[in-house]
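Chain by chain, the residues run as shown.
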Amino acid sequence: QVQQNVERLFTRFVEEGKATVRLREPAVDLCLSKANVVNLKTFLSAVRLAHQGNDTGVLPLSPLVPAKNSDVEKPKTKMIITSRRDYPLTKSFPFSLEHLQTSYCKLARIDSRVLCLKKLRKLDLSHNHIKQLPATLGDLVCLQELDLHDNHLEAFSGALCSSELQKSLQFLDLSQNQIQALPIEFCQLRGLVQLRLDDNALLRLPCRIGQLSRLRFLSAARNKLPFLPCDFRKLSLENLDLFGNPFEQPNPLVPNIQLKIPLTLLECAARATVNHRIPYGCHLLPSHLCKDLEVAKTCGCGSACLSSFIQITVTMNLHHVAHTVVLVDNMGGTDAPVLCYFCSLHCYSQFLDRHLQSN
């Protein structure tokens, strides 16, 4: 269908036997090359007239001759650009691209033309100057690999974590940026298999990181992590690298006591909601309470606690969560401090008795 369906004709190189016809539906580019210049001009005139609705009987068309296989260009699926000089400024990216790399191009933001490439499976934007990620990046429904290594990112948008990337994204490289924390929603990216966070300024990992059940490779070396979240115990990794973090020395005998006695009505309601697995949502409870419930702490007894708890750090051997552990420090250690919570003085005293007996 051509009538009222041609978005644009690209004829800048028509004298070289090249032209492109961009259709609206389906959204594809028909690329013509190695054509006879006279025949090509005649064809483009016919396309323009057909788009305007002219009678096909008066169009200047020549008899069709089957094209040779060597004359037909296959849709381009891969493009690699590694310098600003080669970056296309006036020419669009082929809609058929599945793998796009634009590195060392000094990009300050993601090109809006890239966000229209709905077939992209791998997007490499490493070694640029990108400071912020647009929410529309989450519209790339086929995206499996996203490389943002060596940019100027200070955050990773929570909106992206709630987008279509939840289902598709398997590889994410955020290393060598300036990220201090990841959003609560980050653990909604449950398709992640490999995550690289090296050389940032991370002060903590997501508290619900254990929800990333498919994660097998995690690297967060050379950050500012003082300890690991309690949920870290739930991971099942093949390779883990936490080298170069300023981990604190665990001391279970020096607790951070945040107990509120008696418990507030809010705390009682929150504990009951989680402990009894009562369904909840923003249509039933205030949105801020729903967010608090999503990050509720879990005591060793299995009960939940919200803002009333006792917090300590204990030692965990990282081999409990990973087959291969890159050394945590220069001394060859594979231990790291992990947060531990208790809902009451009773639970904490029971833990303390066991801890002192074991030592």
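The structure presented is a predicted model; accordingly, all values stated were derived computationally and were not measured. (Residues numbered from 1 in each chain as written. Predicted model: local features only at pLDDT ≥ 70, side-chain atom pairs only at ≥ 80, totals over all residues. Heavy atoms only, no water.)

1. Focus: the overall build of the chain
Then comes step 1: From N to C terminus, the chain includes six helices and 17 strands.
Then comes step 2: C-alpha extents for the chain along the principal axes are approximately 95 × 50 × 30 Å.
Then comes step 3: By residue count, 42% of the 359 residues in the chain fall in the buried class.
Then comes step 4: For the chain, the share of sequence-separated contacts (at least 6 apart) that also reach a separation of at least 24 residues comes to 44%.
Then comes step 5: For the chain, the computed accessible surface area is about 20400 Å², with 53% contributed by carbon and sulfur atoms.
Then comes step 6: Averaged over its 40 positive side-chain charges, the chain has a centre that lies 3 Å from the centre of its 32 negative ones. (Helix = DSSP H or I, 4+ residues; strand = E, 2+ residues; numbered from the N terminus. Buried < 20%, exposed > 50% of the residue type's maximum accessible area, 1.4 Å probe, protein only. Contact = heavy atoms within 4.5 Å. Areas by Shrake-Rupley, 256 points an atom, 1.4 Å probe, with all protein chains shown as cover. Lys, Arg positive; Asp, Glu negative; His and termini not counted. Charge placed at Lys NZ, Arg CZ, Asp CG, Glu CD.)

2. Side note on the domain arrangement of the chain
Then comes step 1: The domain boundaries assigned to the chain delineate domain 1 (6-52), domain 2 (78-224) and domain 3 (256-318 + 336-357).
Then comes step 2: Relative placement of domain 2 and domain 3: their C-alpha centres are 33 Å apart. (Domains from an automatic or database assignment.)

3. Overview of the pattern of salt bridges
Charged atoms that come close allow side chains of opposite charge to pair.
Then comes step 1: Tallied over the full model, the rule gives ten salt bridges.
Then comes step 2: Glu-15 is the salt-bridge partner of Lys-41, the closest N and O atoms lying 2.7 Å from each other. Taken together, the residues Lys-41 in helix α1 (residues 37-51) and Glu-15 in the loop between β1 (6-10) and β2 (19-23) connect sequence positions 26 residues apart.
Then comes step 3: The partner of Lys-122 in a salt bridge is Glu-145, and the shortest N-O contact between them spans 3.9 Å. Of this pair, Lys-122 sits in strand β6 (residues 122-124) while Glu-145 sits in strand β7 (residues 145-147); the two residues are 23 residues apart in sequence, bridging distant segments of the chain.
Then comes step 4: Judged by its relative accessible area of 32%, Lys-122 is partly exposed.
Then comes step 5: Sharing partners across several salt bridges, the network here consists of Asp-173, Arg-196 and Asp-198. (Salt bridge = Lys/Arg side-chain N within 4 Å of Asp/Glu carboxyl O.)

4. Digging into unusual backbone geometry
Then comes step 1: A cis geometry characterises the amide bond from Glu-25 onward to Pro-26, with omega recorded as 0°.
Then comes step 2: You can see Pro-26 is positioned in the loop between β2 and β3 (29-32).
Then comes step 3: Here the amide bond leading from Ile-261 into Pro-262 is cis, since omega sits at 0°, within 30 degrees of zero.
Then comes step 4: Looking at the element boundaries, Pro-262 is found in the loop between β12 (256-257) and α4 (265-275).
Then comes step 5: Positioned with a positive phi, Lys-106 is a non-glycine residue whose angle comes to about 60°.
Then comes step 6: Phi at His-127 takes a positive value of approximately 55°, unusual for a residue other than glycine.
Then comes step 7: Along the chain, His-127 falls in the loop between β6 and β7.

5. Notes on the nonpolar core
Then comes step 1: Leu-123, Phe-156, Phe-186, Leu-218, Leu-228, Phe-232 and Leu-318 are the most contacted members of the largest nonpolar core, which has 76 residues in total.
Then comes step 2: With six residues, strand β17 (residues 335-342) is the largest single contributor of residues to this core.
Then comes step 3: When residues of this core are sorted by domain, at least three fall in each of domain 2 (78-224) and domain 3 (256-318 + 336-357).
Then comes step 4: Residues contacting Phe-156, with those up to four places away along its chain left out, are Leu-133, Cys-161, Leu-172, Leu-174, Leu-182, Pro-183, Phe-186 and Leu-189.
Then comes step 5: With nine residues, the next largest nonpolar core counts Leu-9, Val-14, Val-21 and Leu-23 among its residues. (Core = buried A, V, L, I, M, F, W, Y, C linked by side-chain atoms within 4.5 Å.)

6. Brief notes about helix α6 (residues 345-358)
Then comes step 1: Between its first and last C-alpha atoms α6 spans 20 Å; for 14 residues at 1.5 Å apiece the expected length is 20 Å, and the two agree.
Then comes step 2: Within the sequence span of α6, burial applies to Cys-347, Tyr-348, Phe-351 and Leu-352. Taken around the axis of α6, the buried residues stretch over an arc of 135°, which confines them to a single face. In this structure, α6 carries His-346, Arg-354 and Gln-357 as exposed residues pointing more than 90 degrees from its buried face.
Then comes step 3: Summarising the contacts, the buried residues of α6 are in contact with β15 (310-317) and β17. (Expected span 1.5 Å × (residues − 1). Arc of directions from axis to C-beta.)

7. Describing the sheet that holds strand β11 (residues 237-241)
Then comes step 1: Sheet architecture is open: nine strands sit in the order β4-β5-β6-β7-β8-β9-β10-β11-β16, paired in parallel fashion. The open sheet has two edge strands, β4 (78-81) and β16 (322-326), and neither has a second partner. Direction aside, neighbouring strands of the sheet carry axes that sit 5° apart on average. (Pairing = 2+ DSSP bridges. Axes fitted to C-alpha atoms, helices over the stretch in contact; angles between N-to-C directions.)

8. Quick notes on the environment of Leu-153
Then comes step 1: Note that Leu-153 resides in the loop between β7 and α2 (158-161).
Then comes step 2: Along the sequence, Leu-153 and Ala-272 sit 119 residues apart, while their C-alpha atoms lie 39 Å from each other.
Then comes step 3: Residues within four places of Leu-153 in sequence aside, it is in contact with Ile-130, Lys-131, Gln-132, Leu-133, Leu-148, Leu-174, Asn-177, Gln-178 and Ile-179.

9. Observations regarding the sheet that holds β1
Then comes step 1: What the three strands build is an open sheet, ordered β1-β2-β3; its pairing is antiparallel. With one partner strand each, in any of the chains shown, β1 and β3 form the two edges of the open sheet. For this sheet the average axis-to-axis angle between neighbouring strands, irrespective of direction, equals 10°.
Then comes step 2: Note: β1 against β2, four bridges, orientation antiparallel.

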